[in-house]
Amino acid sequence: FRTLLVHAGVPLHLDDHLAALARDAARLDLQMPAAALWRSDSQRLCEGHQRAVLKWLLVRRSEGRGYRASTRQAHRIVQRVAAPPTVPDAADVAIASLRLAVQPALAGIKHLNRLEQVLASRELRDGVDELLMCDHDGHLVGGLRSNLFWVHDGRLLTPILDRCGVLGTMRERVRRLAVALGIECSEVRARPDVLAACDEG
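In this report, the structure presented in the accompanying data block is examined. Quick caveat: nothing in here was measured; it's all calculated off a predicted structure.

## What to know about the side chain of Asp-24
Take Asp-24: it is sitting in helix α1 (residues 14-27). Of the residues examined, Asp-24 reaches a relative accessible area of 4% and is grouped as buried. In contact with Asp-24, not counting residues within four places along its chain, are Arg-2, Gly-108, Ile-109 and Lys-110.

## Some thoughts on the pairing of strand β7 (residues 140-143)
When strand β6 (residues 130-134) meets β7, the two strands line up antiparallel, connected through 3 bridges. Considered in β7, the bridge of Leu-132 is made with Gly-143. Following β6, the chain reverses through 5 residues before pairing antiparallel with β7; Gly-138 in that reversal takes a positive phi of roughly 90°.

## As for a nonpolar patch on the surface
Residues Leu-177, Leu-181 and Ile-183 make up a contiguous nonpolar surface patch of roughly 290 Å² in combined accessible area. Looking at where Ile-183 falls in the secondary structure, it is placed in the loop between α4 (169-180) and β10 (185-188).

## Let's talk about the packing of aromatic side chains
Evaluated as defined, the whole model comprises 1 aromatic pair. Across from the ring centre of Phe-1, 4.8 Å away, lies the NZ or CZ of Lys-55, which sits over that ring.

Rules behind the numbers
Residues numbered from 1 in each chain as written. Predicted model: local features only at pLDDT ≥ 70, side-chain atom pairs only at ≥ 80, totals over all residues. Heavy atoms only, no water. Helix = DSSP H or I, 4+ residues; strand = E, 2+ residues; numbered from the N terminus. Buried < 20%, exposed > 50% of the residue type's maximum accessible area, 1.4 Å probe, protein only. Contact = heavy atoms within 4.5 Å. Pairing = 2+ DSSP bridges. Patch = residues over 30% accessible without salt bridge, like charges linked within 9 Å, V, L, I, M, F, W, Y side chains within 5 Å. Areas by Shrake-Rupley, 256 points an atom, 1.4 Å probe, with all protein chains shown as cover. Salt bridge = Lys/Arg side-chain N within 4 Å of Asp/Glu carboxyl O. Phe/Tyr/Trp six-rings, centres within 6.5 Å; stacked < 30°, edge-to-face > 60°. Lys NZ or Arg CZ within 6 Å of the ring centre and 35° of its normal.

In structure tokens, the structure reads:
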């Protein structure tokens with residue numbers, strides 16, 4: 001699935017989301033519907049909406065029982081929901097006690113099996129805006145519902161997502177923008193204590 005912000009009736013960064021969905025669909029062996037279908041559905045649902053969120057879902061067609069898929073065909077679902085409140089300039093974060101399982105075969109894919117995030121969300125409490133999640137070995141992966149970047153000695157750093165986590169489109173846009181601005185951006189494997197010594201986060 002993908003989640004797109006709608007501004008002034010237009011879904012933002014549509015090409016990036018199409019590319020990401022196609023990449024993930026290929027890894028899960030799902031048939032990707034034509035880009036024109038996603039575009040037309042999205043434009044129709046966004047018309048007249050100043051601010052909203054679109055959710056694209058690609059769900060394999062069910063054919064009987066069992067784990068082994070008998071088809072690559074999938075249902076295309078496009079939903080429009082109300083946009084969440086705007087993100088504050090600063091947020092209070094905590095480290096989630098629940099750890100993400102290491103599974104390179106699913107690393108990077110934004111799939112619908114996000115049960116770990118559902119369980120971790122129970123740790124959100126008053127005064128905590130976001131939870132940072134680590135993998136089974138205690139390395140930073142990202143926020144419960146956000147990307148993670150920090151600055152140290154003039155370098156922009158972000159967790160490497162080769163074992164778990166989601167390769168979000170905004171994460172990739174930030175990395176591309178950094179390169180365009182001549183800012184060194186590196187993917188690293190790091191533990192939460194590095195954030196105490198960072199310059200910005």
